[in-house]
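Letter by letter, the chains look like this.
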Amino acid sequence: MDLEIYNEAIQNRYHPSFKPEGTFPMTVAENHLCWEMLRDKMQEISRNQEIPEWVASYGDPAGVLTFREAISGFLGEFLVKDKIDPNTLACSVGATSVIEMTSFLLGESGDTAVIPAPSYPVYTADIGVMAGLKRFDLQTHHEVSELADGFPVTLSHLENAKKDIEEKGSRFRMLILTSPDNPTGGIYSENQLIQIADWCEKEEIHLIVNEIYGLTLIDIDHPEIRKDYPKAIEFKSFGGIMKERKSPYLHLWYSLSKDFGISGYRVGIFHSYNEQLIAGYRNIGLTHAISNHTQWLLQEVLSDQAFVKKYLKSFQQALTKSYIIVRSTLKKLQIPFNPSYGSLFVWIDLSALMDMQSKEAQHQLWLEIFQKTGILITPGNGFGHSKLGMFRVVITSVSHTELEVAMERFEKFYIEKNSETN
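These numbers were taken from a predicted model, which means no experiment stands behind them. (Residues numbered from 1 in each chain as written. Predicted model: local features only at pLDDT ≥ 70, side-chain atom pairs only at ≥ 80, totals over all residues. Heavy atoms only, no water.)

Peer 1: Can you break down the overall build of the protein chain residue by residue, with the values?
Peer 2: Helix and strand counts for the protein chain stand at 13 helices and 12 strands. Taking 22 Å as the expected radius of gyration for a compact globule of 422 residues, we find that the protein chain reaches 21 Å, a close match to that expectation. C-alpha atoms of the protein chain, sized along the principal axes, occupy 60 × 60 × 40 Å. Evaluated residue by residue, the protein chain yields a buried proportion of 57% over its 422 residues. Contacts in the protein chain between residues far apart in sequence, at least 24 positions, make up 76% of those at least 6 positions apart. For the protein chain, the computed accessible surface area is about 18,200 Å², with 49% contributed by carbon and sulfur atoms. Positive and negative side-chain charges in the protein chain, numbering 40 and 54 respectively, have mean positions lying 2 Å apart. (Helix = DSSP H or I, 4+ residues; strand = E, 2+ residues; numbered from the N terminus. Rg over C-alpha atoms; globule rule 2.2 N^0.38 Å. Buried < 20%, exposed > 50% of the residue type's maximum accessible area, 1.4 Å probe, protein only. Contact = heavy atoms within 4.5 Å. Areas by Shrake-Rupley, 256 points an atom, 1.4 Å probe, with all protein chains shown as cover. Lys, Arg positive; Asp, Glu negative; His and termini not counted. Charge placed at Lys NZ, Arg CZ, Asp CG, Glu CD.)

What follows is the structure in structure tokens.
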């Protein structure tokens, strides 16, 4: 049923002239904000440069050296803010592949990966289908207001999770943090990452920080939203901590899918100072290898750091505008939400619109929102969180003009629904 509704939304998208009554699919984590700018750059490269001979041949399963050098230069300049050795990188077809292969290499079937809730629903399949790892949703809070000062993940939470997992006969093998986070848009502070890294190294548990939204950052100093961050946290890449320690237990996931809005190009990146792990990744990586043509094209894009800087500035400005449009409506309607530092999402609490706190009522509200507004958002099912009535809104899958129309529709729906409920 959910897939049918998604297909209906995709096939009936809003257009101001041809389909003014159309739908707004805001469920899939895609970034469409600055694609034209990136596409123009790619077309320029394809017109003006010859495809090199190596593109037609087999290459390193973990990414050809020139591609990994371009990735290391890009990550070092824009994300980690320090030099990265390309030999600490392994690349494959998308973030899903990176997560799946890392889980397979690090864990044994039946081991457990701990993930603070709420979190990306598809982690379950990514760590479970091939690797056979179990997902443990770590409950650290219930109300969205508890995220105001950052993620409330403590060492006590981790100690209790470890005890619980071991009592059930499993092994706490991996801790997965996403920063900026999906769905909350929150980030982990540098001090928090250091503290958690200390604990994981001591317990010989692999800590993986997923920074797939690492450059999808909202300008929290923008005058319209600055007051939402009274105790602002500065985003710092986990890569800096990793370089300082060079621990075999600390790792980073990245992808070009979100920051550059090119999920269809299928480029995922694994970063680790664990030499054996990188070697193992390369050994099983052939079936996950990225097309050589994609590697060549993207290495040319990323090597032009002046363009990348310009692109990221434009994207972050556009992202901030999208966020402000949605945030303004939520503030006006007094809907609880987590002020986002980054990612493609806003995590909102619509539980006040539900007659009862149940999964059925949550599903019915999700369906009613779509049927009455044409806006398709993601209900909290699968995010592993204790609070019902939470929804994820993708703010980058439609243009600013479309987003304003969608928010106008949502405002009208909310006011009517709220009056019925109360």
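Peer 1: Go over the packing of aromatic side chains with me, naming the residues and quoting the values.
Peer 2: Counted according to the given criterion, the structure contains 17 aromatic pairs. Ring centres of phenylalanine 151 and tyrosine 188 lie 4.3 Å apart, and the angle between their planes is 20°; this geometry places the pair in the stacked category. You can see phenylalanine 151 sitting in the loop between strand S4 (134-138) and helix H6 (155-167) and its partner tyrosine 188 sitting in the loop between strand S5 (172-178) and helix H7 (190-203), a full 37 residues away along the chain. Among the residues examined, tyrosine 188 registers a relative accessible area of 2% and is labelled buried. Seen from their ring centres, phenylalanine 172 and tryptophan 199 are 5.8 Å apart, and the 50° between their planes marks the pair as tilted. Here phenylalanine 172, found in strand S5, pairs with tryptophan 199, found in helix H7; they are 27 residues apart in sequence, far enough to count as distant. The burial state of phenylalanine 172 is the same as that of tryptophan 199; both residues are buried. (Phe/Tyr/Trp six-rings, centres within 6.5 Å; stacked < 30°, edge-to-face > 60°.)

Peer 1: If you had to explain helix H8 (residues 238-245) to someone new, which residues and values would you point to?
Peer 2: All of the buried residues along H8 are Phe238, Gly239, Ile241 and Met242. Viewed end-on, H8 has its buried residues packed into an arc of 160°, placing them on one side of the element. Contacts made by the buried residues of H8 are with H7, strand S6 (206-210), strand S7 (250-255) and strand S8 (268-272). Capping of H8 at its N-terminal end is provided by serine 237; its side-chain oxygen lies 3.0 Å from the backbone amide nitrogen of glycine 239. Among the residues trailing H8, lysine 246 stands out with phi positive, at a value near 50°. (Arc of directions from axis to C-beta. Polar contact = N/O pair within 3.5 Å; in protein donor to acceptor, adjacent residues only side chain to side chain.)

Peer 1: Tell me about the nonpolar core, residues and numbers included.
Peer 2: Among the nonpolar cores identified, the biggest contains 114 residues, and Phe74, Leu207, Phe238, Tyr254, Leu256, Phe260 and Leu350 are the most heavily contacted of them. If you tally residues by element for this core, the top one is helix H11 (residues 305-333), at 13 residues. If we skip the residues at most four places from it in the chain, tyrosine 254 touches Phe74, Leu75, Leu79, Glu211, Ile212, Leu215, Asp259, Phe260, Gly268 and Ile269. Grouped together as the second largest cluster of nonpolar side chains are 20 residues, Ala62, Ile127, Phe270 and Ile278 included. (Core = buried A, V, L, I, M, F, W, Y, C linked by side-chain atoms within 4.5 Å.)

Peer 1: Lay out unusual backbone geometry with the relevant residues and their values.
Peer 2: Most peptide bonds adopt trans geometry, and most residues besides glycine take a negative phi value. The residue after alanine 117, namely proline 118, is reached through a cis peptide bond having omega 0°. Here proline 118 is to be found in the loop between strand S3 (112-116) and helix H5 (123-128). Cis geometry is adopted by the peptide bond preceding proline 180, which originates at serine 179 and carries an omega value of -10°. Inspection of the secondary structure assignment puts proline 180 in the loop between S5 and H7.

Peer 1: Tell me about the pairing of S3, residues and numbers included.
Peer 2: On any regular strand, side chains alternate: one points to one face of the sheet, the next to the other face. Of all 5 residues in S3, 5 are buried; the element is thus mostly enclosed. For the crossover that starts at S3, traverses H5 and ends in the parallel S4, the hand is right-handed. As paired elements, S3 and S5 share 3 bridges and run parallel to each other. Counterpart to threonine 112 in the pairing with S5 is phenylalanine 172. (Right-handed = clockwise from strand over helix to strand, strands pointing away. Pairing = 2+ DSSP bridges.)

Peer 1: Which residues make up the sheet that holds strand S12 (residues 390-394), and what values go with them?
Peer 2: Taken in spatial order, the 3 strands line up as S9-S12-S11 in an open sheet, and their pairing is antiparallel. Lying at the two open borders of the sheet, with one neighbouring strand each, are strand S9 (345-349) and strand S11 (378-379). Judged from the 5 bridges that link them, S9 and S12 form a sheet pairing that is antiparallel. The partner of tryptophan 347 across the bridge, within S12, is arginine 392. Sitting on the sheet, helix H12 (residues 359-373) touches S11 and S12, and the angle it makes with S12 is about 30°. (Axes fitted to C-alpha atoms, helices over the stretch in contact; angles between N-to-C directions.)

The analysis is restricted to geometry; functional conclusions fall outside its scope.
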